[in-house]
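# Descriptive structure summary
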Amino acid sequence: MRFLFSLAVNLLLFILNKSVCGENGHNGTKFIRELIPLQAPNNLTLLSFDDRDAIISWNPVPPESVRGTFRGYIVRIWNHGVSQVYAIPPEVTRTAVQFFPYSKNFITVSVRNDKYVGPRSEAIHFDAPQTEPGTPFLFEQHQLGSHSALLQWNKPSSPNGILLGYNIYCSEAMDFGINEKTTIHEFILGPENTQAKLTGLKLGQRYQIEIAAVNCAGEGEHNTIFVEVEPHQPYPPDMPSFQYKINHEIPEKSDYFYTECTKPRYPYFPPNSQIQIDHMDDNFYIFNHSKTTVPTPLQDMKQITAEDPCLVNTLVKWIPDVDRNPGEYFFVKYRIKGNTEWVETLPEKSEDFVILKNFNACRSYEIVLVAIDGDFQTESQIQETPAVLFLKS
């Protein structure tokens, strides 16, 4: 037993002596002992941005600090959710790494040898700029009647900035390419608007439809589908549904872009600000800072003047039942809760929404959307809107 222990110790000492002294083996190979590098590169600097890359540089380390075969550098970049690692050759101290758009990025660099990675450099950080957004996905179409189609899609998984909306391009398709003279462009404002209606489609004509997301850095890559409507025989639509938004404002596109793209990236609260929270039993109350108006149940619509803050625009958006027969178009009827007479809008044949003007937000309404296919009509379920409470500033 003592002999085996002595043999093992002598063998270990022989191997260590070979590694430390750098002696050659029988095959002529030089053994180098690999240890953890001692130093981190210093003066890690962000030089500039190039498209989607951050250009960085650093100072090399002394060769003796590598303590092994110098294999280069490890650059790590990360943000709040993801991380990426790059292996950089030993002769390179300036390189490009892809940043994560519209977030705070952090970068470190380390030395590596055959076995170990050394200590990280001091991290640098920066607010990465916006880049063009990713592609909207699950882009699909559903025929409405004989001359219309409903387009639906999902927001891009990588907005890469402040998503502003979507560009839609519709062109008549030919055997090779499209007829550019027929191309129609429409901008869908708002990142949550993931539905649009196409009308005036001709039977037997194939159309190429493209969609691209838009943020403050520009337009992203296109997603493309083809649409060709078929003859349709009207029959009763299935029950539709809808969404509404009280006090809906439609800003000018240029104003909307400017407002969204110039607002601060991070929320700012003044040092002396106080945030007040009103506790109400009714969760349906919506608070707006304006003139106080509390209408009585007997107050009639005619008593409210055009200057009254209760009068607002309300958006009603059609959600067709695309898995069955959605119908071709719709209209909306609405009334103040308790009234017997309905007010009806004109049939909306071009869009998937209507705007109810002079909508008295201080009263509770009942709203019904009616889907139409030829001579057939189907009503949605009634939705009741909440009364809005306006508070003094």
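This one's a predicted model, so the numbers in the text were calculated from it and none came from an experiment. (Residues numbered from 1 in each chain as written. Predicted model: local features only at pLDDT ≥ 70, side-chain atom pairs only at ≥ 80, totals over all residues. Heavy atoms only, no water.)

With the rule as written, the count across this model stands at 2 disulfides. There is a disulfide in this structure between C310 and C362, and the S-S distance comes to 1.8 Å. On the sign convention where negative is left-handed, the bridge of C310 and C362, at about -75° about the S-S bond, is left-handed. With C310 in the loop between strand 17 (287-289) and strand 18 (311-319) and C362 in the loop between strand 21 (353-360) and strand 22 (365-373), the pair connects residues that are 52 residues apart, well separated along the chain. In terms of burial, C310 and C362 fall into one category: buried. Take the cysteines of the protein that form disulfides and number them in order along the sequence; they join up as 1-2, 3-4. (Disulfide = S-S within 2.5 Å. Helix = DSSP H or I, 4+ residues; strand = E, 2+ residues; numbered from the N terminus. Buried < 20%, exposed > 50% of the residue type's maximum accessible area, 1.4 Å probe, protein only.)

This paragraph deals with the pattern of salt bridges. Within the structure shown, the criterion is met by 11 salt bridges. The partner of D352 in a salt bridge is K317, with the nearest N and O atoms 2.9 Å apart. Taken together, the positions of D352 in the loop between strand 20 (343-344) and strand 21 and K317 in strand 18 put the pair 35 residues apart, joining distant regions of the chain. Using a relative accessible area of 3% as the deciding quantity, one classes D352 as buried. The closest approach of N and O atoms between E379 and K333, which form a salt bridge, is 2.6 Å. (Salt bridge = Lys/Arg side-chain N within 4 Å of Asp/Glu carboxyl O.)

Read across the sheet, 4 strands follow the order 4-3-6-7 without closing on themselves; strand pairing throughout is antiparallel. Edge positions in the sheet fall to strand 4 (83-88) and strand 7 (124-127), since each has one partner strand and no second. Geometrically, the sheet is characterised by an average inter-axis angle of 20° between neighbouring strands, direction not taken into account. As defined by bridge partners, strand 6 (residues 104-112) adjoins strand 7 across 4 bridges and the pair is classed as antiparallel. Across the sheet, the residue bridging to K104 is D127, located in strand 7. (Pairing = 2+ DSSP bridges. Axes fitted to C-alpha atoms, helices over the stretch in contact; angles between N-to-C directions.)

For the rest of this paragraph, the subject is the pairing of strand 22. Within strand 22, 9 of the 9 residues are buried, leaving the element largely enclosed by the surrounding structure. Pairing between strand 19 (residues 329-336) and strand 22: 8 bridges, direction antiparallel. Residue pairing in the sheet places F330 in a bridge with A371 of strand 22. Note that strand 22 and strand 24 (residues 383-384) share 2 bridges and pair antiparallel. Its bridge partner being in strand 24, E366 is matched across the sheet by E384. Bridge count for strand 22 against strand 23 (residues 376-379) is 4 bridges, and the pairing is antiparallel. Each bridged residue has a counterpart across the sheet, and for V370 the counterpart in strand 23 is E379. In sequence, strand 22 turns back onto strand 23 through a hairpin of 2 residues, with G374 there showing a positive phi of about 65°.

For the largest pocket, the calculated volume is near 1300 Å³. Along the wall of the largest pocket there are 46 residues; nearest its centre are F187, I188, L189, N193 and F353. Listed by contribution, the elements that provide at least two residues to the lining of the largest pocket are strand 9 (148-154), strand 10 (163-173), strand 11 (178-189), strand 12 (195-198), strand 16 (241-246), helix 2 (253-262) and strand 18. Residue contributions to the lining of the largest pocket peak at 7 residues, all from strand 11. When the residues that make up the lining of the largest pocket are grouped by side-chain class, the tally is 21 nonpolar, 14 polar and 11 charged. (1 Å grid on protein atoms, 1.4 Å probe; cavity = no way out; pocket = protein on both sides within 12 Å on 5 of 7 lines; lining within 4 Å. Points joined across faces, edges and corners; volume = space filled by probe spheres on them. Nonpolar A, V, L, I, M, F, W, Y, C, P; charged D, E, K, R; others polar.)

The subject of this paragraph is the confidence of the model for the protein. Taken residue by residue, the protein gives an average pLDDT of 84. The fraction at 70 or more is 80%. Segment residues 1-10 is flagged for pLDDT under 50; beyond a separation of four residues in sequence, or across chains, it makes 0 contacts in the model. Below a pLDDT of 50 lies the segment residues 273-306, which in the model reaches 57 contacts outside its immediate sequence neighbourhood of four places, other chains included. (pLDDT = per-residue confidence, 0-100. Contact = heavy atoms within 4.5 Å.)

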